[in-house]
Amino acid sequence: MRHIRFLLALVLTAGLTVLASLHQPMGSPLPALGQFLSPFTGFWQNADPAHQFKDATLAFPQLSAEHEVVFDERGVPHIFAQSAEDASFIQGYIHARDRLWQMDISVRATIGRLSEVMGERTLERDRLQRRKGLLWGAENALKKWMSSPEEVTIINAYCEGVNAYISSLKPADYPLEFKLLGYAPEPWTPLHIAAFYKSMSEALCSRHYDIPATHARTLLGDSLFQVLYPEYNPAQSPVIPETVEWNFEQLPLQQPTTGDSMLSIGAPRTPFDLPSPFIGSNNWAVRAEKTANGAPILCNDPHLKLRLPAVWYELQMQTPEYNAYGVSFPGVPGIIIGFNNKMAWGVTNVGHDVLDWYRIDWANPEKTAYLINGQEQPVREIVEVIQVKGRQAPVRDTVRYTAWGPVTYNDPEHPNHDMAMRWLAHDEPAEKPFYALGAFTRLMGGQGLADYQTALRGWESPAQNFIFASQDNDIAITVNGKLPLKADQQGRFVQDGSRSASGWKGFIPHEHLPRVVNPERGFVSSANQRSTGPDYPYYYNGGFDDYRGRYINRRLAEMEGITVEDMKALQLDSRSLKPEEVMPVLLRLLDQTASELRNHERVTALRSWDYNFTKDAEAPSLFEDWFKAAYAQTFDELTVWEDSLEVLKPEEWRFVELLTTQPGHAIFDHQVTTAVETAQDIALRGLEEALQQPPISWAAYQSTDIGHMAMIPAFSRLDLDVGGYEDAPNAIKPEHGPSWRMVVELGEKPNAWGIFPGGPSGNPGSVFYDPMVTPWVEGQYNRLHLMDNPDDASVQPIYRLTFKTAE
């Protein structure tokens, strides 16, 4: 064994020396290699499996009793604790043991502290994160959380558990990435937890279109803009069925006066990159009447960025208050998506726009005051101090805060372009008995519908479609969160920050949020589509799916005698409504031309395609190239502005609708030619462009990667041989996809299955680092064991840890 360890260390040393010379993780220079390659404290200490699978006893003064953690054959911990407080301590300890660097770097990236450990190359990113106000938002959330005795207990115990593990480490024990980047872990605090929640807000509710929409309307004129950019897809199948009646009295709203949102071109681009559209997932639940076993079934597969270490951490937590199984976020206490013996729950992203831009009217050249309703208002200046590795003195950046929020976009040459960001994630939560952590604790211990409904009152942001099913055969879904009251069209465009009337009108009351319980159709579902039909009394805008939700609802309506295997198959379904609706139109337009391409062998194959994005099929790549080319040819008037202005493009469903119903519309005509082009010309030219690309399998075309968080190829899984499509239920994209698949049948005992692409450990040298990637690619699931006690025979433990009070 000693010789094997030596040879392994030698091979890894040679390999990482090459890596160090060729690759810079996170875009930053590597530290001095002497310490990193040291045989006593360097990376080779991490080369063995992270744990030796030996039973052990750990003692800590913070604990009040003796507790046991059973690790099953996949390395999943099952925590059996005598109190919720001690369970949180143990969860924090195990999270840190397995995912410490992931926890640390995620928070640094969110609140703008990467440069402390990575140097100059992340400075501008840190500066922008500070200007977004993410730390401010985290501090505001924490103020309220710490006013709740229940939340304080959970938070403090979790942090104590994380820090107990950190304090046990010597430099030789640090996770590999700390050694690679040359820094040490810092203590975990309640602010770290709040900051992690704000990273969720950044990923899930910071998407907006105000600036590009303003440009598009200015360039096209309001009349053409309204034609090309309708807000509601008439084919939509919303989250809440349109048969649901709104049994409440709508709050009166004062509509803005003319011109309230009619500003012209301002800032050329959105100040920061937006998250990928439709990050957000599928979930559904079916009642017992539709299932083969007479038990309700709940399914959830959140679509997030695919990465290693994986975004989720799987575990069971049992205390006198709850016995729950599911997935958690490393760095945060509790279970986010999961089930217990009585009920199951899951989430998808809502997609409402809760970030609006306001142009600032400065009162003086120094920008120390601004105007609202003709009155000067002083700015609040926050000096952000950014420590930069390699610099003796920190970088200081002054951020001006207004009544709307931080002035994120600041143009010294064009002060009339300066804009402030009004973002829900900045808000201090409303006063209530419990907040986000309390919401999940109640779900973990919930016994039925009433507990689910009570738990949702604690959750505000980012808004989620919380789905529910219980052993009692209740199913429900709620569009849940703190959602702004907006006047019609408010938030679609950059607004006038010099008028208080431009602000939000309050928030939709919790009782008025869209929800449905036990609908007649026998199922509830969501896939990031619009929340409601157009009859919902309150206006909202945002970004919504147009295909997955409709397809899932169609399939669920068709299905009877549903089994767990049927539900797995639907999660893995790679068929998409998009080509089903687009291909007949494009082919009909092509057939109206005299082109010989009508009979091209690849077109012939496309005519018989079943609209499934399977990994080996070649038809999907031709479809995708044809669709993209035809779309770009149609909206060439907008494309020409891309280098100078960010301009919103029409939604794809509207493009298809125009192809279908108005093939002679002027939008298909190219301004630079003397001929008058129609949809037929667009279809033909798009196909000609697409056929210039050689045939290629869909897996090779899409080239899905699960990259390491530090972008180290050796620690990544690249070019996966997998199918799926962003507009199909199996919504796999190049870097995003189903980050956790879960199916729970709620019979006498839960029959639960799940998988995520990764493993419990964040250590690339561990056997538990990525063992589930290949099964995930192959569409396999693991049985999820909700153990009754530490000696439950359903699990054969590989080792146990006993946690007890230090004497």
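What counts, and where the lines are drawn
Residues numbered from 1 in each chain as written. Predicted model: local features only at pLDDT ≥ 70, side-chain atom pairs only at ≥ 80, totals over all residues. Heavy atoms only, no water. Helix = DSSP H or I, 4+ residues; strand = E, 2+ residues; numbered from the N terminus. Contact = heavy atoms within 4.5 Å. Buried < 20%, exposed > 50% of the residue type's maximum accessible area, 1.4 Å probe, protein only. Lys, Arg positive; Asp, Glu negative; His and termini not counted. Salt bridge = Lys/Arg side-chain N within 4 Å of Asp/Glu carboxyl O. Pairing = 2+ DSSP bridges. Axes fitted to C-alpha atoms, helices over the stretch in contact; angles between N-to-C directions. pLDDT = per-residue confidence, 0-100. Expected span 1.5 Å × (residues − 1). Core = buried A, V, L, I, M, F, W, Y, C linked by side-chain atoms within 4.5 Å. Phe/Tyr/Trp six-rings, centres within 6.5 Å; stacked < 30°, edge-to-face > 60°.

Concerning the environment of Pro320
Move 1: Checked against the element boundaries, Pro320 lands in the loop between β8 (313-318) and β9 (323-328).
Move 2: Each C-alpha atom of the pair Pro320 and Val244 lies 38 Å from the other, and the pair is 76 residues apart in sequence.
Move 3: Excluding residues within four positions of it along the chain, Pro320 makes contact with Ala81, Gln82 and Ser83.

Some words on the side chain of Asp573
Move 1: You can see Asp573 is positioned in the loop between α15 (564-571) and α16 (577-591).
Move 2: Among buried Asp, Glu, Lys and Arg side chains, Asp573 stands out as unpaired, with Arg555 the closest opposite charge at 4.5 Å.
Move 3: Residues contacting Asp573, with those up to four places away along its chain left out, are Tyr551, Arg555, Asn612, Ala728, Pro729 and Asn730.

Describing the sheet that holds strand β4 (residues 282-286)
Move 1: Spatial ordering of the open sheet is given by β22-β4-β5-β26-β27-β28, a layout of 6 strands whose pairing is antiparallel. For this open sheet the edge positions go to β22 (523-526) and β28 (782-784), each flanked by a neighbour on one side alone. Going across the sheet, the axis of each strand differs from the next one's by a mean of 15°, ignoring polarity.
Move 2: The sheet strands contacting helix α14 (residues 548-558) are β4 and β22, and the helix crosses β22 at an angle near 165°.
Move 3: Against the sheet, α15 makes contact with β4, β5 (297-301), β26 (741-746) and β27 (750-755), and its axis sits at roughly 155° relative to β26, the strand it touches most.

What about the confidence of the model for the protein chain?
Move 1: When pLDDT is averaged along the protein chain, the result is 91; 91% of the residues meet or exceed 70.
Move 2: In the predicted structure, residues 1-34 sits below a pLDDT of 50 and forms 43 contacts with residues beyond four places in sequence or in another chain.
Move 3: Contacts of residues 257-262 to residues separated by more than four positions or lying in other chains number 11 contacts, the stretch itself having pLDDT below 50.

Describing the pattern of salt bridges
Move 1: Taken as a whole and assessed by the stated rule, the structure comprises 42 salt bridges.
Move 2: Lys432 serves as the salt-bridge partner of Glu460, at 2.9 Å between the closest nitrogen and oxygen. Taken together, the residues span a long stretch of sequence, with Glu460 in the loop between α13 (449-455) and β18 (464-470) and Lys432 in the loop between β17 (419-423) and α12 (436-444) at a distance of 28 residues. Of the two residues examined, Glu460 and Lys432, each falls in the buried class.
Move 3: For the salt bridge of Lys749 with Asp788, the shortest nitrogen-to-oxygen distance reads 3.2 Å.

Quick notes on helix α6 (residues 134-145)
Move 1: With 12 residues, α6 should cover 16 Å at 1.5 Å per step; its first-to-last C-alpha distance of 16 Å lies within 8% of that length.
Move 2: Taken together, the buried positions of α6 are occupied by Leu134, Gly137, Ala138, Asn140, Ala141, Leu142, Lys144 and Trp145.
Move 3: Buried positions along α6 lie against α3 (84-111), α5 (123-132), α7 (149-167), α9 (190-204), β17 and α12.

Some points on α12
Move 1: Counted residue by residue, α12 has 7 buried out of 9 residues, so it is predominantly covered.
Move 2: Every buried residue belonging to α12 is among Ala436, Leu437, Gly438, Ala439, Phe440, Leu443 and Met444, and all of these are buried.

Observations concerning the sheet that holds strand β2 (residues 67-71)
Move 1: Reading across from one edge, β1-β29-β2-β3-β8-β9-β10-β11-β18-β19-β21 is the order of the 11 strands in this open sheet, with mixed pairing throughout. Both outer strands of the open sheet, β1 (56-60) and β21 (515-517), are each paired with one neighbouring strand and no more. Each neighbouring strand pair of the sheet contributes to a mean axis angle of 20°, computed without reference to strand direction.

Observations regarding the nonpolar core
Move 1: Grouped together as the largest cluster of nonpolar side chains are 137 residues, with contacts concentrated most on Trp145, Ile193, Tyr197, Trp312, Phe339 and Tyr452.
Move 2: Of all the elements, α3 adds the most residues to this core, at 14 residues.
Move 3: In contact with Ile193, not counting residues within four places along its chain, are Trp145, Ile155, Tyr158, Cys159, Trp188, Gly331, Val332 and Pro333.
Move 4: The next biggest cluster of nonpolar side chains, apart from the first, holds 67 residues, and it includes Val603, Val656, Ile667 and Tyr781.

Observations regarding the environment of Leu306
Move 1: Looking at where Leu306 falls in the secondary structure, it is placed in the loop between β6 (303-305) and β7 (307-308).
Move 2: It is 7.4 Å that separates the C-alpha atoms of Leu306 and Asp705, two residues lying 399 residues apart in sequence.

Considerations on the environment of Gln471
Move 1: Along the chain, the position of Gln471 falls in the loop between β18 and β19 (475-480).
Move 2: Sequence separation of Gln471 and Glu745 is 274 residues, and the distance between their C-alpha atoms is 8.8 Å.
Move 3: Look past the residues within four positions of Gln471 in its chain and what remains in contact with it is Asn341, Lys342, Leu746, Gly747 and Glu748.

With respect to the packing of aromatic side chains
Centre-to-centre distance and the angle between the planes together describe a pair of aromatic rings.
Move 1: In total, this model carries 44 aromatic pairs according to the counting rule given.
Move 2: When the ring of Phe60 is compared with that of Phe803, the centres are 6.1 Å apart and the planes differ by 25°; the resulting orientation is stacked. With a gap of 743 residues between them, Phe60 in strand β1 and Phe803 in strand β29 (residues 799-805) connect regions that are remote in the sequence.
Move 3: The class of Phe60 is buried, set by a relative accessible area of 11%.
Move 4: Taking the centre distance of 5.9 Å and the plane angle of 80° together, the rings of Tyr540 and Phe544 count as edge-to-face.
Move 5: Take Phe544: its relative accessible area is 5%, and that puts it in the buried class.
Move 6: Members of the aromatic cluster, joined through ring pairs, are Trp609, Tyr611, Phe613, Phe623, Phe627, Tyr631, Phe635, Phe655, Trp698, Tyr701 and Tyr725.

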